[in-house]
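Analysis of the macromolecular model
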Amino acid sequence: MRRLARECLALGLAALAAAPAAAQPARPGAGAPEWRGRGVILKLLPPPSELHATRPVIVIQHEPIAGLMDEAMAMPFIAASTALFAGLHAGDHVAFGLRETPDALLVVSIDRLPP
Ligand SMILES: [Cu+2]
């Protein structure tokens, strides 16, 4: 279980490292989420940050995501836009949407839930 979580984190970080700066523009047309998850925000990192020089990153302690990740874990995701972070803080419980794009698995929506 722990090993899987570490591998997923490694994959997430590899994806962050591979995401080209050229793809930086926020994508309002990112489209409907392919997966939906729930979790707690650990970090909101507008660029530049310790995890990415040019793209916004959110670190989430997420519950299992049906069809994508069978395990709960803490991991970073690239967000489609820094604007998604407005009004949110570390510790907030959120529901979020994910969409696969050619350069990254993107968080395309974030909604705060009651604590
Ligand atoms: Cu994960």
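Being a predicted model, the structure only gives us computed values, none of them experimental.

With that out of the way, let us pick up the overall build of the protein chain. When its secondary structure is counted, the protein chain shows one helix and five strands. Listing the helices and strands of the protein chain from first to last along the sequence gives α-β-β-β-β-β. For the protein chain, restricting intrachain contacts to residue pairs at least 6 apart in sequence, the fraction spanning at least 24 positions comes to 60%.

With that settled, consider the sheet that holds strand 2 (residues 57-62). The five strands are arranged 1-2-3-5-4 in a closed barrel whose pairing can be described as mixed. Within this sheet the neighbouring strands show an average axis-to-axis angle of 50 degrees, counted without direction. Where strand 2 meets strand 3 (residues 73-79), six bridges bridge the pair, whose relative direction is antiparallel. Across the sheet, the residue bridging to valine 59 is proline 76, located in strand 3.

Let's shift gears to the nonpolar core. Side chains that are nonpolar tend, in soluble globular proteins, to be buried together. The biggest cluster of nonpolar side chains holds 20 residues, and the ones touching the most others in it are Val57, Ile58, Ile60, Phe77, Ala79, Leu106 and Val107. Elements supplying a minimum of two residues to this core: strand 1 (35-45), strand 2, strand 3 and strand 5 (105-112). For this core, the element with the most residues is strand 3, which contributes five residues.

Next up on the list: the pairing of strand 4 (residues 93-100). As paired elements, strand 1 and strand 4 share six bridges and run antiparallel to each other. The residue of strand 4 that forms the bridge with arginine 38 is alanine 95. Alignment of strand 4 against strand 5, held across seven bridges, turns out to be antiparallel. Residue pairing in the sheet places arginine 99 in a bridge with leucine 106 of strand 5. Connecting strand 4 to the antiparallel partner strand 5 that follows it, the hairpin turn spans four residues.

With that settled, the discussion passes to the pairing of strand 2. Most of strand 2 sits inside the fold, with five of its six residues counted as buried. Relative to strand 2, strand 1 runs antiparallel, the two sharing six bridges. Within the sheet, the bridge partner assigned to glycine 39 lies in strand 2 and is histidine 62.

Looking now at the confidence of the model for the protein chain. Averaged over every residue, the pLDDT of the protein chain is 84; residues scoring 70 or more account for 73%. Between residues 21-29, whose pLDDT stays under 50, and residues either more than four places distant or in other chains, the model counts nine contacts.

Once that is clear, we can look at the environment of proline 33. Its location among the elements puts proline 33 in the loop between helix 1 (2-18) and strand 1. When the 16 C-beta atoms within 10 Å are taken as the criterion, proline 33 is described as partly exposed. In the structure, proline 33 is positioned 64 residues away from glycine 97 in sequence and 4.9 Å away in space, judged by C-alpha atoms. When residues no more than four places from it in sequence are discounted, the contact partners of proline 33 are Gly97, Leu98, Arg99, Val108 and Ser109.

What counts as what
Residues numbered from 1 in each chain as written. Predicted model: local features only at pLDDT ≥ 70, side-chain atom pairs only at ≥ 80, totals over all residues. Helix = DSSP H or I, 4+ residues; strand = E, 2+ residues; numbered from the N terminus. Contact = placed C-beta atoms within 7 Å. Pairing = 2+ DSSP bridges. Axes fitted to C-alpha atoms, helices over the stretch in contact; angles between N-to-C directions. Core = buried A, V, L, I, M, F, W, Y, C linked by C-beta atoms within 7 Å. Buried ≥ 20, exposed ≤ 12 C-beta atoms within 10 Å, placed from the backbone. pLDDT = per-residue confidence, 0-100.

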